[in-house]
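Read off the chains here:
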Amino acid sequence: MKRQKKLLVGLTMAFAFCFLFANVLSVQAFTTANKVKDAVYVDAVTNAKGNWVNTTKHRINTFSINSFEVEFGQGAQIRNLKSNKKGLEVKQTEYYANRSYHNTYDANGNLSGEFRYGSARISLYATKTGSYKVTFDVYSSAGVKLKKYTVNVLAVNDTGVIKTATLGKTKLRTLKTKLKKGVLTKSSSVINKVNEKSGKLKFTANTKYKITGFVVKGVNKNGKAFYKKYKNGKNIKLSEAYAYKESDAYDNSSSNPAKKYTYIYVSYKDTFTGDTCTYSVSKKRGKKEIVRTYKEKNTGKKTISYDPTSSDDEYYDFSGTILTLWNY
């Protein structure tokens, strides 16, 4: 019974240490501006000021169907849709002359009216990596050309931010892609258990990403947590002691868990979209903790996460930028 109790306490503390709850603060306006009747919106989203802005850059995977939506006045149409080069197929796959209604609101947030709008969906399918320009014209219901639009598309074989990660001679992360006779194959490997106590930590990035540094979180030989920021390719030290010690008041015994954990937080910039994800160390909330700041170039929105974990990384699609290493 006493062993089961000690095991339960140990597991509880381990999960608390490894999967800390991420407090997320979004620094942006949430008020949504009214859409304008007969205006054209290309995959529109609200920016930090609550206004609508078009999304004109799309990162897509090859051999995968992707799409974006265009909204316009009822009865309007898309014409002259094309890609600037072979390798990216584009096609209008949905069209609604009268899709639905947009509501409008007054300054007090009260419903003030509504208007109909139409929409179309543009599908994308890339068979070759590269940068493309998708262009199309929007014509009114009366056949008058309103405007020409351009959407930039980046087609890639790889997914995620990190292509390779090495610690000393250990390959922590590898991602390989191969295209042969129209067939794309991918292979990857992940190593979390390491023998090294220290070594040079080097990352290479996938297409149009840039690694801007990383933060290491661990425990020193005295059992105290440490946080340190590094440039890519620098030597680091891994945890030298365990994160906690189990104790049993019944017989005054104590023991340590088997694994020493070290956490790596990788900062990056998406040079295609201009978005950035930066990890830093902060004391603003009265204790040292890891802070992730994500900034969207198109919208100006900023999201701040405290004590982010790998599970949060998956939710926000930050593409594996948190590594958990361990040794004995």
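Above this text you will find the structure in question.
Residues numbered from 1 in each chain as written. Predicted model: local features only at pLDDT ≥ 70, side-chain atom pairs only at ≥ 80, totals over all residues. Heavy atoms only, no water.

J.: Before we move on, could you go through the overall build of the protein chain and cite the residues and values that matter?
T.: Of the regular secondary structure elements, the protein chain holds two helices and 25 strands. Sorting the 328 residues of the protein chain into buried and exposed places 40% on the buried side. Of the contacts made within the protein chain by residues no fewer than 6 positions apart, 60% connect residues no fewer than 24 positions apart. If you sum the accessible surface of the protein chain, you get close to 18800 Å²; carbon and sulfur atoms cover 49% of it. (Helix = DSSP H or I, 4+ residues; strand = E, 2+ residues; numbered from the N terminus. Buried < 20%, exposed > 50% of the residue type's maximum accessible area, 1.4 Å probe, protein only. Contact = heavy atoms within 4.5 Å. Areas by Shrake-Rupley, 256 points an atom, 1.4 Å probe, with all protein chains shown as cover.)

J.: So what's going on with the side chain of Thr174? Which residues, and what values?
T.: As for its placement among the helices and strands, Thr174 is situated in strand 13 (residues 170-180). A polar atom in the side chain of Thr174 sits 2.4 Å from the side chain of Ser189. (Polar contact = N/O pair within 3.5 Å; in protein donor to acceptor, adjacent residues only side chain to side chain.)

J.: Break down a positive patch on the surface for me, with residues and values.
T.: Together, Lys57, Lys133, Lys210, Lys269 and Lys297 make up a region of like positive charge exposed at the surface. Turning to its location among the elements, Lys269 is positioned in strand 21 (residues 260-270). (Patch = residues over 30% accessible without salt bridge, like charges linked within 9 Å, V, L, I, M, F, W, Y side chains within 5 Å. Salt bridge = Lys/Arg side-chain N within 4 Å of Asp/Glu carboxyl O. Lys, Arg positive; Asp, Glu negative; His and termini not counted. Charge placed at Lys NZ, Arg CZ, Asp CG, Glu CD.)

J.: How would you sum up the sheet that holds strand 6 (residues 66-73)? Please name residues and give values.
T.: On the basis of which strands lie adjacent, the open sheet formed by four strands has the order 2-6-9-8 and antiparallel pairing. Each edge of the open sheet carries a strand with a single partner, namely strand 2 (41-42) and strand 8 (88-105). In the sheet, strand 6 pairs with strand 9 (residues 111-126) via eight bridges, with the strands oriented antiparallel. Considered in strand 9, the bridge of Glu71 is made with Ser119. (Pairing = 2+ DSSP bridges.)

J.: If you had to explain the pattern of salt bridges to someone new, which residues and values would you point to?
T.: A full pass over the atoms with the stated rule returns seven salt bridges. When the shortest N-O distance is used, the salt bridge between Lys35 and Glu71 registers 2.8 Å. With Lys35 in the loop between strand 1 (23-27) and strand 2 and Glu71 in strand 6, this residue pair connects regions lying 36 residues apart in the sequence. On the basis of relative accessibility, which here comes to 10%, the residue Glu71 falls in the buried class. Close ionic contact of Arg285 with Glu289 constitutes a salt bridge, the shortest N to O distance being 2.8 Å. A relative accessible area of 0% means that Glu289 is categorised as buried. Residues participating in the shared-partner salt-bridge network are Glu69, Glu94, Arg99 and Arg121.

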